[in-house]
Amino acid sequence: MQITNLKAYGADLSCVNHDHRTALHLACNQGNIAVVNHLLMNGVSVHIRDHYDRTPLLEAISGDHHEIIQILINCGAHLTGSSRAIGEQLCAAAARGSLVRLKSYQLAGADLAQPDPSGRTALHLAALHGHANLVLFLLNIVDNPREKDMLELTPLDYARRGGQQDVIQILSGREQKA
């Protein structure tokens, strides 16, 4: 492994490039578990932020590298940034129908009920866009499926306005049980 040779010659494995990204940032982004493990075993910090305020954990999340996310969490990494910004990312993932991204954030310790600045949650967006699989996933996680956004709309209201019949049935059935 070339990185082992670099260490043997005295290279600082925590050094940064012009964007203040470390080799750990890059390995996490690319999903290279062997390099991630090697860097962590040689003392590279999981907390270094690059020029864009991104940590290796955010890089692993952006690549949906679940095994690396777990390794980083086990080494003390945690989500950084504002909770509202995380809410925006969760909503964007839900709007795209990206269950794998929601699972990445969940594995990293995010509250999947975190709202965006408008008070919408991933459940609101999954309902609006008709992603029934995401709605079912999120219903097993969120405490209040009737959470209202700034416009006083619930996920069920979004599903109705979007004409998402499958989601309407799921959410209506959940409300009848409550």
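What you see is a predicted model; the values in this text were computed from it and never measured.

Chemist: Even after reading the chapter, I still don't get the overall build of the protein chain, so can you show me in this structure?
Modeler: Looking only at helices and strands, the protein chain features eleven helices and zero strands. What you see in the protein chain, going N to C, is helices and strands ordered as α-α-α-α-α-α-α-α-α-α-α. Among the 178 residues that make up the protein chain, the fraction classed as buried is 42%. Put simply, the protein chain shows about 9300 Å² of open surface, and 49% of that area lies on carbon and sulfur atoms.

Chemist: It is not clear to me how the pattern of salt bridges should be interpreted in this structure. Could you clarify?
Modeler: Note that side chains of opposite charge can pair when their charged atoms are close. All told, the structure shown has seven salt bridges when counted by the stated rule. Here Arg101 and Asp64 are joined by a salt bridge, their closest N and O atoms 2.7 Å apart. Taken as a pair, Arg101 in helix 7 (residues 99-107) and Asp64 in the loop between helix 4 (56-62) and helix 5 (66-74) lie far apart in primary sequence, 37 residues in all. For Arg101, a relative accessible area of 16% puts it in the buried group.

Chemist: Just checking my understanding: could you explain the packing of helix 5 against helix 7 for this structure?
Modeler: The description of two packed helices rests on the angle between their axes and on the distance between the axes. With their axes 9 Å apart at the nearest point, helix 5 and helix 7 run at an angle of 15° to one another. Classified by the angle their axes make, helix 5 and helix 7 are roughly parallel. Between helix 5 and helix 7 lies a crossing whose hand is right-handed. Between helix 5 and helix 7, the contacting residues are His66, Ile69, Gln70 and Ile73 on the first element and Val100, Lys103, Ser104 and Leu107 on the second.

Chemist: In this structure, what is going on with the nonpolar core? I would like to understand it.
Modeler: As a rule of thumb, soluble globular proteins bury nonpolar side chains together. Leu72 and Leu79 are the most contacted members of the largest nonpolar core, which has 46 residues in total. For this core, the leading source of residues is helix 9 (residues 132-139), giving six residues. Filtering out sequence-adjacent residues up to four positions away, Leu79 remains in contact with Leu57, Leu58, Ile61, Ile86, Tyr105, Ala108, Gly109 and Ala110.

Chemist: Can you walk me through the layout of surface pockets in this structure?
Modeler: There is about 230 Å³ of room inside the largest pocket. Surrounding the largest pocket, 14 residues form its lining, Arg54, Leu58, Ala85, Gln89 and Tyr105 being those nearest its centre. Mapped onto the lining of the largest pocket, the elements with two or more residues apiece are helix 4, helix 6 (83-96) and helix 7.

Chemist: Just to check I follow, could you spell out the side chain of His25 for this structure?
Modeler: Note on placement: His25 falls in helix 2 (residues 23-30). Of the polar contacts made by the side chain of His25, one reaches the side chain of Thr22; its length is 2.9 Å. A polar side-chain atom of His25 sits 2.9 Å from the main-chain carbonyl oxygen of Arg54. With sequence-adjacent residues up to four places away left out, His25 is seen in contact with His20, Ile48, Arg49, Asp50, Arg54, Thr55, Pro56 and Glu59.

Chemist: Explanation requested: the environment of Ile68 in the structure shown.
Modeler: With respect to the element layout, Ile68 can be found in helix 5. Overall, the relative accessible area of 1% leaves Ile68 in the buried class. Expressed as a C-alpha distance, the spacing of Ile68 and Gly31, which sit 37 residues apart in the sequence, is 7.0 Å. If near-sequence neighbours (up to four positions away) are discounted, Ile68 is found in contact with Ala27, Cys28, Gly31, Asn32, Ile33, Val36 and Ala60.

Rules used throughout
- Note that residues are indexed from 1 along each chain, following the sequence as it is written.
- Per-residue local features are limited, in this predicted model, to residues with pLDDT of at least 70; the limit for side-chain atom pairs, both in listing and counting, is 80 or more; totals at the level of whole chains, interfaces and linings are taken over all residues.
- The basis for the side-chain values is all heavy atoms of the structure; hydrogens and waters are excluded.
- Secondary structure elements follow DSSP: runs of H or I no shorter than four residues count as helices, runs of E no shorter than two count as strands, and numbering proceeds from the N terminus.
- Think of it in three bands: with a 1.4 Å probe and only protein chains considered, a residue is buried below 20% of the maximum accessible area for its type, exposed above 50%, and partly exposed in between.
- Per-residue and other accessible areas were derived by the Shrake-Rupley procedure at a 1.4 Å probe size, with only the shown protein chains allowed to occlude residues.
- For this analysis, a salt bridge means a side-chain nitrogen from Lys or Arg found within 4 Å of a carboxyl oxygen belonging to Asp or Glu.
- Note on geometry: axes are C-alpha line fits, over the in-contact stretch for helices, and angles between N-to-C directions span 0 to 180 degrees.
- Comment on the angle field: the value is read as roughly parallel under 35 degrees, roughly antiparallel over 145, roughly perpendicular from 65 to 115, and oblique elsewhere.
- Here a crossing is called left-handed whenever its near helix is offset anticlockwise from the far helix by less than a right angle, and right-handed whenever the offset is clockwise.
- Should any heavy atoms of two residues lie within 4.5 Å, those residues are considered in contact.
- Residue types Ala, Val, Leu, Ile, Met, Phe, Trp, Tyr and Cys, when buried and joined through side-chain atoms within 4.5 Å, form a set referred to as a nonpolar core.
- Residues are said to line a cavity or pocket when one of their atoms sits within 4 Å of a point; the points come from a 1 Å grid over protein atoms alone, cavities being sets where a 1.4 Å probe fits but cannot get out and pockets being open sets with protein on both sides within 12 Å along at least five of seven lines.
- Grid points are joined across faces, edges and corners, and a volume is the space filled by probe spheres set on the points.
- In protein, a polar contact requires one atom able to donate a hydrogen and another able to accept it; more generally it is a pair of N or O atoms within 3.5 Å, and residues adjacent in sequence count only if both atoms are side-chain atoms.

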